Amino acid sequence: GDSVTQTEGQVALSEEDFLTIHCNYSASGYPTLFWYVQYPGEGPQLLFRASRDKEKGSSRGFEATYDKGTTSFHLRKASVQESDSAVYYCASYSGGSNYKLTFGKGTLLTVTP
Amino acid sequence: EAAVTQSPRNKVAVTGGKVTLSCNQTNNHNNMYWYRQDTGHGLRLIHYSYGAGSTEKGDIPDGYKASRPSQENFSLILELATPSQTSVYFCASGDSANSDYTFGSGTRLLVI
């Protein structure tokens, strides 16, 4: 089955820093890839998704590009704000009759002013 | 607005007691899921369902049962709660046709 590996643990940045959270996947074919964000006290919510090689997903200043060659979907943001502090999950879905997303373990982003 | 609603938001239970967590979705999705979230483990799938009357085991089903009496409702049942089941539980609904996967706001369960 699918597996997703992302930057583990916590990433601590200051406001206006550049953010990269790495995500690599292992799956057959062309899985759909997702980034979810989870703010304190809430459930994960979709940030964006991509389903084709070289497709860029983006939302709220965050972006990631589907790279079939390196099996990656790294999350980036040019200038983070304190309000971006949250847990970020990368996920994949390879299709088939069982619609279940495979999630990475999550990365806690902490941004200090 | 379509949504996934969980109840209760917080629950304290005694060891050995029965606990039922409820989930309702208005997305008209066929698929529903129960996860637990623990530090260091991320989201782990407990049970899921393809439609009314069906339940399937996820990755960590031991100690949990599930019930899907209708398209809209999916319950997670802890027949004999244990302190190791203290966690935050999330319900989700999903539809592969539009790659939709929507989570509820979670239930925080403390078993003492």
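Summary of the structure given here. Given the structure is predicted, the values throughout are model-derived calculations rather than measurements. (Residues numbered from 1 in each chain as written. Chains lettered and ligands numbered in written order. Predicted model: local features only at pLDDT ≥ 70, side-chain atom pairs only at ≥ 80, totals over all residues. Heavy atoms only, no water.)

**Remarks on the state of the cysteines**
All names here are of chain A. Put simply, the rule is: Whenever a pair of cysteine sulfur atoms sits within 2.5 Å, that pair is classed as a disulfide. In DSSP terms, a helix is any run of H or I states spanning at least four residues, a strand is any run of E spanning at least two, and both are numbered starting from the N terminus. Relative accessibility under 20% of the residue-type maximum defines a buried residue, over 50% an exposed one, and the middle range a partly exposed one, all with a 1.4 Å probe and only protein chains included.
Overall, the coordinates contain 2 disulfides over all chains when judged by the stated rule. Through a disulfide, Cys-23 is tied to Cys-90; the S-S separation comes to 1.9 Å. As the torsion about the S-S bond is roughly -65°, the Cys-23-Cys-90 disulfide counts as left-handed. Of this pair, Cys-23 sits in strand β4 (residues 23-26) while Cys-90 sits in strand β10 (residues 86-93); the two residues are 67 residues apart in sequence, bridging distant segments of the chain. Overall, the relative accessible area of 0% leaves Cys-23 in the buried class.

**So, the layout of surface pockets**
Using the following cut-off: Of the grid points, spaced at 1 Å and generated over the protein atoms alone, those admitting a 1.4 Å probe that cannot get out make up cavities, while open sets with protein on both sides within 12 Å along at least five of seven lines make up pockets; any residue with an atom within 4 Å of a point is treated as lining. Grid points are joined across faces, edges and corners, and a volume is the space filled by probe spheres set on the points. Ten residue types, Ala, Val, Leu, Ile, Met, Phe, Trp, Tyr, Cys and Pro, are classed as nonpolar, four, Asp, Glu, Lys and Arg, as charged, and the remainder, Gly among them, as polar.
Taken as a whole, the largest pocket spans an internal volume of roughly 640 Å³. Secondary-structure elements contributing two or more residues to the lining of the largest pocket are β2 (9-14), β10 and β12 (107-112) of chain A together with β4 (31-38), β9 (87-95) and β11 (107-111) of chain B. For the lining of the largest pocket, the per-class residue count stands at 9 nonpolar, 16 polar and 6 charged. Quantified by volume, the second largest pocket comes out at close to 350 Å³. As for the second largest pocket, its lining consists of 19 residues, of which A:Asp2, A:Leu101, A:Thr102, A:Phe103 and B:Asp59 are closest to the centre.

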